[in-house]
Every structure is written in structure tokens, then in C-alpha cells.
Amino acid sequence: MPTITTLPSFDAAINRFDPVMGMEVHVELGTTTKMFCGCSTEFGAEPNAQVCPTCLGLPGSLPVVNRVAVESAIRIGLALNCRIAEHCRFARKNYFYPDMPKNFQVSQYDEPIAFDGWTDVTVDTDDGARVFRIGIERAHMEEDTGKSLHVGGATGRIHGASHSLLDYNRAGIPLIEIVTKPIEVPPALAPAVARAYVTELRELIRALGVSEARMELGQMRCDANVSLKPTGASSFGTRTETKNVNSLRSVERAVTYEIRRQAAALDSGTAIVQETRHWHEDTGETTAGRVKEEAEDYRYFPEPDLVPVAPARDWVEQLRGTLPEPPAARRSRLQAEWGFTDLEMRDVVNAGAVGLVEETIAAGADAAGAKKWWLGVVARTANERGAGIDEVGITPADVARVQTLIGEGTLNDKLARQVVEGVLAGEGSPDEVVTARGLAIVSDDAALGTAVDGAIAAMPDVAEKIRGGNMGAVGALIGAVMKATGGQADAKRVRELIVERLSG
Amino acid sequence: MSAPELTRRTAAELAALVASGETSAVEVTRAHLDRVAAVDTTADGGPGVHAFLHVAAEEALAAAAEVDAQRAAGERLGPLAGVPLALKDVITTADMPTTAGSRILEGWRPPYDATVARALRAAGLVILGKTNLDEFAMGSSTENSAFGPTRNPWDLTRIPGGSGGGSAAALASFQAPLAIGTDTGGSIRQPAAVTGTVGVKPTYGGVSRYGLIACASSLDQAGPCARNVLDTALLHSVIAGHDPLDSTSIDQPVPDVVGAARRGADGDLSGLRVGVVKELGGEGYQPGVEARFHEAVELLGKLGADVVEVSCPHFEYALPAYYLILPSEVSSNLARFDAMRYGLRVGDDGTRSAEEVMTMTRGAGFGAEAKRRIILGTYALSSGYYDAYYGQAQKVRTLVARDFAAAFEQVDVLVSPTTPTTAFPLGEKVDDPLAMYKNDLCTIPSNLAGNASASFPCGLADEDGLPVGLHVMAPVLGDDRLYRVGAAVEQALVAEWGGPLLDQAPAWETS
Ligand SMILES: [Zn+2]
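What counts, and where the lines are drawn
Residues numbered from 1 in each chain as written. Chains lettered and ligands numbered in written order. Predicted model: local features only at pLDDT ≥ 70, side-chain atom pairs only at ≥ 80, totals over all residues. Heavy atoms only, no water. Helix = DSSP H or I, 4+ residues; strand = E, 2+ residues; numbered from the N terminus. Rg over C-alpha atoms; globule rule 2.2 N^0.38 Å. Buried < 20%, exposed > 50% of the residue type's maximum accessible area, 1.4 Å probe, protein only. Contact = heavy atoms within 4.5 Å. Areas by Shrake-Rupley, 256 points an atom, 1.4 Å probe, with all protein chains shown as cover. Lys, Arg positive; Asp, Glu negative; His and termini not counted. Charge placed at Lys NZ, Arg CZ, Asp CG, Glu CD. Pairing = 2+ DSSP bridges. Axes fitted to C-alpha atoms, helices over the stretch in contact; angles between N-to-C directions. Parallel < 35°, antiparallel > 145°, perpendicular 65-115°, else oblique. Nonpolar A, V, L, I, M, F, W, Y, C, P; charged D, E, K, R; others polar. Buried area = accessible area lost by both parts, 1.4 Å probe. Salt bridge = Lys/Arg side-chain N within 4 Å of Asp/Glu carboxyl O. Polar contact = N/O pair within 3.5 Å; in protein donor to acceptor, adjacent residues only side chain to side chain. Patch = residues over 30% accessible without salt bridge, like charges linked within 9 Å, V, L, I, M, F, W, Y side chains within 5 Å. Core = buried A, V, L, I, M, F, W, Y, C linked by side-chain atoms within 4.5 Å. Donors = N, O, S within 2.8 Å, 3.2 Å for Na, K, Ca; no water. Tetrahedral: all angles 85-135°; square planar, octahedral: opposite > 155°, others 65-115°. Left-handed = near helix turned anticlockwise from the far one by under 90°. Arc of directions from axis to C-beta. Phe/Tyr/Trp six-rings, centres within 6.5 Å; stacked < 30°, edge-to-face > 60°. Lys NZ or Arg CZ within 6 Å of the ring centre and 35° of its normal. Expected span 1.5 Å × (residues − 1).

Caption draft 1: Representation of the overall build of chain B in the model. Of the regular secondary structure elements, chain B holds 17 helices and eleven strands. Computed over C-alpha atoms, the radius of gyration of chain B comes to 21 Å, within 12% of the 24 Å expected from 2.2 N^0.38 for 511 residues, which places it in the range of a compact globule. Structurally, chain B occupies a C-alpha span of about 65 × 55 × 45 Å along its principal axes. Counting over 511 residues, chain B shows a buried share of 62%. For chain B, long-range pairs separated by at least 24 residues make up 76% of all intrachain contacts whose partners lie at least 6 apart in sequence.

What follows is the structure, encoded as C-alpha cells:
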């Protein structure tokens, strides 16, 4: 396959072609046990410590459906405005791979538990926020595979590896796969809509409490299907499926890249091959994976070891009653409560900090203060560490406490920042950091008096001006005191002490 | 009591002897182990019955000693406590290898007991060992076992049926009074018929499949085998019941099979409506089989049953439908044998990829019949062929179930011969799979529909002096009806014969 060296710009690409997208998102459910057995789903155990005959696919073992997983699937379906099947079956998807214990995956094929729904996503445009309705084709249940670790190669991929290690702890963890209908939006907005959809879905999943949906841990995995058709054409072009696009930013970048790459290929008269493609975070490119036709006959048939799932209608309605406020409605409500501008709110949403800010405010902070910390030093730290904003070691309660300390006059903004950095560095709670680093504002007159006297002695000419009634010169003395106290002096008190001393 | 006497006893008698202290479970077990040693292979390694693939003498004696200790401690023993049993080697046991008759699982020790194995142990039954079968329970003669065929105790040159030939032959050669079989298309009933023993395929879902190595999941059913009807019923009640580990297990009370067997032994079938299935008889059936079957039908009438002929028009499509559904499920169920986690591994010399090792292992580890069915099933499920093959077969399956439903509106049980012929010579049909498949013509419909069925001895064919089975079919969860009919027929025939049919088997084993 010829390598395309120069790609048209995105704008050039969408001048000639309309992209059509389809998103397939896998969500690992946060159930305590696996989809078809009683093994723990806890992350981080020793390899192959959380396995049993069923999830290892040992001869004679049988699956039993996890009711909580079905419940989660139904709630996700309802939250996506789907219809819930009255009767649906599991199917076997047959293919050989060492990390598949049975060499078939129990999934749902032509009878998904939820189907035909939609969700609205909002994207910012030059003309303000626009809402797009994304159609949901289906949401179905399946089991995860194990993990292969390829050892001895340079890339961690199987190519060039000397051997592979298999960990089946993940095998059998319940997954929900959510598939959209074809997404056709104004071409220029396609990458942003893709990102907004995944963002919206992640928020919804978290609001439902069915998964933490942490993309960096693989709890939420995104495959992006992209095809192009000549501007204005009605029939779809050949699509590619870019696998494992596992951050919000990557979703946008991968879609953008695929649009440019396919445009280049079509421009040069090269047909698009229906294939899976690998996403490379580092280069921002996709490369060809396996060609679809070669390996796609999964020989699906109904899983004979399981009975059909037939959720009672009153159960479904009962679950409908447990749905949280839809994320969009929740955002509008919170924005109003917090008094944020559209721009401010968008920043909070994009940072994935809505819940954190909400909790911080609930713990006693004001809205502006809560936003400032989460979107400021915390977000930067998370970015540096390549971690989630909620996993850098600071809690909403910590942030609220810092705000309280500022309000009480114990900290000023500069000291507060050092306290937050201390918490992020794992030095303990805000109060512990204040004590350990000795960061509290000094308002004790004896200590401040010494510093004030020192400053007056060091700057007799300034002192003379003040004595002469030039109060504008006080700032210079305060600055000297602050410098001498490492910024910890209570500036207000320092001013009072200077004035007391020099207005005799 | 002498060992030969003990091995000739019924399971119910042995349990009573152990419970009363007239003998001990250890003594009973030892007698049967001695019998196994004497007849299963001969001293020079020549042809014995070869019912067992693994004899667990030590474990069996320990289990028996445990029963004796419980009795000594005054604990109440179950109705079959201390009775030895032969377990088909397709049911997992944590203390014995489980091979499914396949090279690919040779030496595999499962880390867990099947639910059936657990139930047997909990009831104090003594597992003597694991019995031979066609590889992954696919066959009608045990000739597909990777470890050599089992021989029919009535004639060592003939097949003992299959796939559960090992279990049936162990019973017929008095190596065990009880055995567990599994029945996917007749694998309990056909061996019972050709060895003169009793075999019951319970209602699908009546006995847990957890730990039963799957052949075809939607057809497989474990069931009891014995030399008489009451023993079979007692064993049935030990292994039946709901199992939360098997989603297809029925969560309903187990039919009173033991009560039915006792009532049936009164020999009164008045009020029972019996349907003779028109489509299961006539051309293609051995004359001696037909003759014994018609006598059995007459006998049912004499015992008070109303006998009518019933038509099940779709049964003629059952065999082809079965040979699409079964291989389809097999192709998927046997995919897990890939050398990655357990069992045979071939070609792993550090130079080959996982895919190559998988291919080589499966090539070396599966026998011809397993491969044939994997290929058939893979083809039938392929996109573009699914509707024409698997889809159509499922429709036939529905039609067969409707035939049964319609028939059971008219009658309480259906009857047919169990098999078209008596035991055929070893090797006769190994190269003719279609002829082999036809053995299961009468038994397959019940697997497709999931209803209960059984085979009971009804005499010997005139032309070869070999056993013939009466096949009785009952509705879903009508397992008790099988025992009522079987027990009534048994008491009449045993009276006529002057003893159990197996007393007429040649005494080849005395040495
Ligand atoms: Zn497990």
C-alpha cells in the first residue's frame, strides 16, 4: 500500500467530501462480579488471581448472567432514550485468539437489550452553541476478553515479540457496547461532534453510577468509524474503523486525521479499504490493521448455555425511575446555580470537572473558588502526570478546605496555591500541609513588629516620607516586610503596625 | 458374602446391606474393583471389556470407608450410600483425570467437580472410575474414543453402543451396579438397548450440566443408568434438581421417579395411554428388533394400557436437523481446546506462533469424527449458509417439538424401538458415518424437543440373540411416566424370563 506523504488540510478535505461517522463505545461496567461468574472485577490484582472455571472457559463450565449487569444495561439504554427489548438473547461470536478463553465471546448479535435511541450533544461553534441529536442504534451486553502482554519486542505489539503472557482477570468483565447510527453533521464540526458525543456518553455513564468510565484505564474504549462521500452525495463511502481511541482529545484528532487521510486517498484515485486501523497517540496518525473481509465471519449463533433475557416491564419502569437528571439538563441547572458564563461552564465540562466542582461547592466552597482550583493547578498537574483530574490525590473536600482557610484569613492566594501543591504532592490534608510547611499567615504582633522595625530601620528615607504624611509610601515598607516574612505576613496588620509606629 | 454375589446385587440391595451392616461399603467397593481388574482387561493385555479409562481404586476405597465411618457414627445414610458407580469420563472430577475420550485432554485434571459428581459424593456413592466414550460423546459405538473401543459384554466382538458404551458395558459386565451417562442424541439410551440395561435421558434441564464437558449444549443431558428400573430411579433422584450454576437447569420440583418406579412394579398400567410412533418402525429395522418391540407393545396392552398409533410427521426430518445443530454447537464448544491453558500442546518449540501451535495441537489432538463435525458445524454457521442450514434446522426442531406436543395431547407416553438394530460388529460402520448416524433415528427427536425418554430391555433378537431396547418417550417433566412404564414392563418380562435379561448373557468372563 502506497504511503500518502502529504495530506490535504482538514478544511481542504471537507471542501470536497462530507464525512459520515459511527461511534462504537465499549464501557466496562463497575459491577462487583463478572458478567457470567462470581469472580471479582477489582482492578489491579495479580495476573490470573481473579479467575474461575467459567471465566477461564474450562471444559464443562457454564455461564450465569449477572443480574446487576443486565440492570446497568437497561439503565444505560433508558438514559439513551432506547427501547428495551422484551426478550433478547446472547449469541456466540466465534473467533480464535489466545486471550479468549473459550475462543468465542458471549455477546449480543441481532437481539440487543436496548435499541433505537438518541442523545443530544452540544458543540461550540462560531455562531454559539449548537445541539445535535445523535441516534443510538443499539446498546448490547458482552463479556470482555483477557489481556495479552507481548514480551521481547520493541513495540509491545505481537510483531517481533519473543513470547506472550496472558492475564485472564479481565476475561468476563461485563461490557456494554453502545453503537450510534450514522452521524452526519456539518463537515467542519464532525470531529468536535465526535468528541462531544463521547464526552456526553462518559458523563451519562458516570451519572448513572454504572461505571467510572475512565478512558485511561480502558474502562471506556472508543472505536471511530469514518467514511467520506463527495460533497452532497447520498450513498456512503467505504468506512474504516479506527480502534482504541482512548481519550477525548484523541477522538477529535483521530476523526480529523482519518478525514484528511481518506480525502488524500480518494483524491489520488485510491479506493478506501474496509479495514480496522490503529490510532497512534504520539504521531496523531492511523495505520492499517486487519482487512475486514479476511476475518469477519464470526459465525454468530444463539448462545445455547444461556436462557433468553426477558426483563419484566414493571422492572424496566422501576429502573426508569432511578435515572439521574440528564447531563444536559443538569449542566444548565448547575450553570444557573453557579452563575457561570457559557464559556466558564464549557471549560468546567471539558475538564470533566462538573461533578468535582459540584462536590466542592457542597463541601462549603464558593463557585468561583472551586472552579479556579480544579481548572487551574489541579488540571495542570493532572495533565503533567497524564492522569485524570480526579486521580491526582486531591478531593473536593480538600479544595473546599483551602477556600475556607482563605476565607478565615489563614491563607492568602499565594500561600493557598502552595498548600494545594503540597496536597497534590501527597504531603497530606490542607491543614497538614499548612502545619508542615509553616504556611499560615503571620498576624502575631510581636513577630510582625520585629519585621516592621527592621524595615523602617533599613529604609529611613521612606519612613521619613510617611511621617511627613505621604501615605503612598507605605506600600514600599509592606513589600519589604512581606519579603522578609516569606510572603506569610498578614498585609493588613502590617500596614496598621507601620502607620501606628510612624504617625506618632 | 462373596465378591461375585455382591457384584450381582442391585444397587438398592447393596445400599440396604451396607445400611444394615451385613456388609461394608469398603467390602462392596473392593468386590467391584476386583471385578474390574478381572474383566476390564485381561491379564495378558488382550481384549477385555475396556469400560474404564481410569480406575480410582484408592479414592473409591477412601470414599467407601467414609460411608462406613458415617454409619458407625450413627449418621443416617442416603438410599444409595456405599454403592459403587461408574462415571462417564465427560463429567469433571477434581480427584481424577477427565479426558472426554480425547487425546487433546489426555491427563487433564479438572480443578473442580461437576455438580453431578458433587451430588453423587454427597449422597455417599462411591465413584469407581471414569468410563470410556466416543470422543467428546460423538458417536454410537465408542469406536471414536482416542483410547480404544469398549466391547459389548454380550459379545466382545461387537460394539457396546455409544457414546456411553463404557458406562453401559460396566453395568452389563457387573463391574458397577450404577453408572452415569450423557445423552445428546441417544448416548444413554442406545448403549442401554444394545447391552440389555436401563438408561434414562431425563428432561432437558432436569440434571445440571455444570461440569459436563459440552458436546452440543442445547441437546446434552446427563442421566442415570443401571441394570434395573428401581436402581435407575434412585440414581435419578440423587442427581436431578435445580442448579444455580446451570442457567438451563429447570427450577421446578423433580418428578417422583422413585415412587413411579415402585408403583409401576405392581404391573398395572390401566388408564395409561400409549402411542406407537408410526414413523419410527418398519423398513430399515432388524426383524428381531421389530418382533421384540411388537411383543412389548402387546404386553403394554395386557398390562392395561390403551395403545394407539400416533403420527409424528416431522420426525423424519429430525436426523438431518440434528446433524446440523449438533455440529454447529460442537464447532463452537470445541474451539476452547487450543493448547493455551490446559491439555495437549503440540509444536511449542519456541519458534512457532500461538496460532501455529493451536493449529498443530488441534490437528493432532482431535480424532476424525470430531474434526468432521467441527468442519460441518463451521460450514453450517458460516455467513451466507446460516439461514439455509442452522436456521432451517432450528425450524425443524420447533416442528418436532410440536409433533410431540400434539402427540402428548392424545397419549401419556410414546414408544418405539430404541435402535433399528442390535449391537453390530466392531469396525462395521467406522468408515460409513451415515450408517452410524442412523442408529440414533429413534432417540434424536427427544433431544431436539428436550423431553424425557428411556430405554428398557425387552428381550433378545431371534437372529443374533442380542438385547433389544424398548424406547419410551414422555413429555417435558414427565420423567416419572417413564419409570412407571419401565417398571411394569420389567416385572412382567423378568417373570417371563425367570430372571433379569442379563442372566442370559454368555458367561465369557469366568477365568
Ligand atoms: Zn470467574
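Caption draft 2: Geometry of the overall build of chain A. A tally of helices and strands in chain A yields 17 helices and 14 strands. With the C-alpha coordinates of chain A rotated into their principal frame, the extents come out at 95 × 55 × 55 Å. Sorting the 504 residues of chain A into buried and exposed places 50% on the buried side. Partitioning the contacts of chain A with sequence separation of at least 6, the portion at a separation of at least 24 is 68%. Surface summary for chain A: the accessible area is close to 22,200 Å², and the carbon and sulfur share equals 51%. Here chain A holds 53 positive side-chain charges and 70 negative ones, and the gap between their average locations is 2 Å.

Caption draft 3: Representation of the sheet that holds strand 5 (residues 114-125) of chain A. Residues and elements named next belong to chain A. Read from one edge to the other, the open sheet built from nine strands follows the order 2-5-6-9-1-10-11-12-13, with strand pairing classed as mixed. In the strand order of this sheet, the two ends are held by strand 2 (83-84) and strand 13 (285-291), each with one partner. Direction of pairing for strand 2 relative to strand 5: antiparallel, over a ladder of two bridges. Each bridged residue has a counterpart across the sheet, and for R83 the counterpart in strand 5 is F115. Each of strand 2, strand 5, strand 6 (128-143) and strand 9 (174-180) is contacted by helix 2 (residues 67-79), which is oriented at about 20° to strand 9, the strand it contacts most.

Caption draft 4: Highlighting the pairing of strand 4 (residues 104-107) of chain A. All names here are of chain A. The side-chain alternation of strand 4 yields two buried faces, one formed by F104 and V106 and the other by Q105 and S107. As paired strands, strand 3 (residues 91-94) and strand 4 are joined by four bridges and run antiparallel to one another. Residue pairing in the sheet places K93 in a bridge with Q105 of strand 4.

Caption draft 5: Layout of the packing of helix 12 (residues 413-424) of chain A against helix 13 (residues 430-437) of chain A. All names here are of chain A. Packing of helix 12 against helix 13 brings their axes to within 9 Å, and their N-to-C directions diverge by 110°. Of the possible angle classes, the one that applies to helix 12 and helix 13 is roughly perpendicular. Two secondary-structure elements touch here, helix 12 through Q418, V419, E421, G422 and V423 and helix 13 through P430, V433, V434 and R437. Here the contact of helix 12 with helix 13 is composed, by residue class, of five nonpolar, two polar and two charged.

Caption draft 6: Main features of the interface of chain B and chain A. Contacts between the two partners involve 39 residues from chain B and, on the opposite side, 31 residues from chain A. Among the residues of chain B in contact with chain A, B:S247, B:R336 and B:R341 are the three that bury the most area, contributing 24% of the side total. On inspection of chain B and its partner chain A, the count reaches one salt bridge. A salt bridge links B:R209 to A:D305; the nearest nitrogen and oxygen atoms lie 3.0 Å apart. Counting the contacts that link chain B with chain A gives 18 residue pairs in polar contact (both at pLDDT 80 or more). Only helix 11 (318-333), helix 12 (354-365) and helix 13 (368-381) of chain B provide two or more residues apiece to the side of chain B that touches chain A. The greatest single-element share of the side of chain B that touches chain A, amounting to five residues, is contributed by helix 11 of chain B.

Caption draft 7: Region of the structure containing a nonpolar patch on the surface. All names here are of chain B. Taken together, the side chains of Y379, Y385 and Y389 define a hydrophobic patch exposed on the protein surface, amounting to about 280 Å² of accessible area. Position of Y389 relative to the elements: it lies in helix 14 (residues 387-410). Judged by its relative accessible area of 30%, Y389 is partly exposed.

Caption draft 8: Structural context of the environment of A:L248. Tracing the backbone shows A:L248 in helix 4 (residues 248-267). Along the backbone, A:L248 and A:Y197 are 51 residues apart, and their C-alpha atoms lie at a distance of 9.5 Å.

Caption draft 9: Just the nonpolar core, in detail. Core analysis: the biggest nonpolar cluster contains 147 residues, and B:L120, B:F136 and B:L414 have the highest contact counts within it. Not counting the four nearest positions on each side in its chain, B:L120 is found in contact with B:L85, B:L87, B:L125, B:I180, B:L235, B:V238 and B:I239. Ranked by size, the runner-up nonpolar core spans 72 residues in total, among them A:I183, A:V226, A:L306 and A:W315.

Caption draft 10: Region of interest: the sheet that holds strand 1 (residues 52-55) of chain B. Residues and elements named next belong to chain B. Strand order in this open sheet of eleven strands is 1-3-2-4-6-5-10-11-9-7-8, and the pairing throughout is mixed. Strand pairing shows two members of the sheet lacking a second neighbour, strand 1 and strand 8 (306-310), which therefore form its edges. Pairs of neighbouring strands in the sheet enclose a mean axial angle of 25°, with direction left out of account. Strand direction decides the pairing type here: strand 7 (residues 273-277) and strand 8, joined by five bridges, are parallel. Residue V274 lies in a different strand from strand 8, and its bridge partner there is V307.

Caption draft 11: Focus on the environment of B:V126. Residues and elements named next belong to chain B. Tracing the backbone shows V126 in strand 3 (residues 126-131). For V126, a relative accessible area of 0% puts it in the buried group. Sequence spacing of V126 and E59 is 67 residues, and the spatial spacing of their C-alpha atoms is 8.6 Å. In contact with V126, not counting residues within four places along its chain, are T29, A60, A63, A64, G82, V83, P84 and L85.

Caption draft 12: Quick look at the pairing of strand 9 of chain A. Taken across its seven residues, strand 9 of chain A has seven buried, putting it largely inside the fold. Across the two faces of strand 9 of chain A the burial is the same, with A:P174, A:I176, A:I178 and A:T180 and A:L175, A:E177 and A:V179 all buried.

Caption draft 13: A look at the coordination of the zinc ion. Bound to the zinc ion are the protein donor atoms A:C37 (SG), A:C39 (SG), A:C52 (SG) and A:C55 (SG), situated 2.2 to 2.4 Å from the metal. For the zinc ion, the four donor atoms in the first shell make angles of 100 to 116° at the metal, so the coordination geometry reads as tetrahedral.

Caption draft 14: Examining the pattern of salt bridges more closely. All names here are of chain A. Following the criterion strictly, the structure yields 54 salt bridges over all chains and no others. Among the salt bridges present, the one from R195 reaches E252, with a minimum N-O distance of 3.2 Å. Placement of R195 in helix 3 (residues 190-208) and of E252 in helix 4 is noted, with a sequence separation of 57 residues between them. By relative accessible area, R195 is classed as partly exposed at 23%. The partly exposed category is assigned to E252, whose relative accessible area is 26%. The salt bridge partner of E258 is R261, with a shortest N-O separation of 2.8 Å. One end of the pair is E258 and the other is R261, both in helix 4 and three residues apart, which spans about a single turn. For the pair formed by E258 and R261, the shared burial category is buried.

Caption draft 15: Examining the packing of helix 2 of chain A against helix 6 (residues 313-320) of chain A more closely. Residue and element names in this part refer to chain A. Contact pair helix 2 / helix 6: the axes reach a minimum separation of 10 Å and the direction vectors enclose 65°. As helix 2 packs across helix 6, the resulting crossing turns out to be right-handed. Here R67, V70, E71, I74, R75 and L78 of helix 2 lie close against helix 6, whose contacting residues are W315, V316, L319 and R320. Partitioning the contact of helix 2 with helix 6 into residue classes produces six nonpolar, no polar and four charged.

Caption draft 16: Spotlight on helix 15 (residues 460-467) of chain A. Residues and elements named next belong to chain A. Buried within helix 15 we find V462, A463 and I466. Seen along its axis, helix 15 keeps its buried residues to an arc of 100°; they face one direction. Elements that come into contact with the buried residues of helix 15 comprise helix 14 (445-458), helix 16 (474-484) and helix 17 (491-502).

Caption draft 17: Representation of the packing of aromatic side chains in the model. Residues and elements named next belong to chain B. Tallying each qualifying case throughout the model produces 20 aromatic pairs over all chains. Seen in terms of ring centroids, Y385 and Y389 are 6.2 Å apart; in terms of plane orientation they differ by 15°. Their pairing is stacked. Taking 5.8 Å as the distance between ring centres and 10° as the angle between the ring planes, the aromatic pair formed by F404 and F408 counts as stacked. You can see F404 and its partner F408 sitting in helix 14, four residues apart, about one turn around the helix. On the basis of relative accessible area, F404 is assigned to the buried category, the value being 3%. The ring of F424 has K429 sitting right over it, with the charged end atom 4.3 Å from the ring centre.

Caption draft 18: Broad picture of helix 12 of chain B. Residue and element names in this part refer to chain B. The end-to-end C-alpha distance of helix 12, which contains twelve residues, comes to 16 Å, matching closely the 16 Å that a straight helix rising 1.5 Å per residue would cover. Within the span of helix 12, buried status applies to V357, M358, T361, R362 and G365. Along the axis of helix 12, the buried residues cluster in a sector spanning 125°; they form a single face. Among the exposed residues of helix 12, those pointing more than 90 degrees away from its buried face are E355 and T359. Residues of helix 12 that are buried in the fold lie against helix 13.

What is shown is where atoms sit, not what they do.
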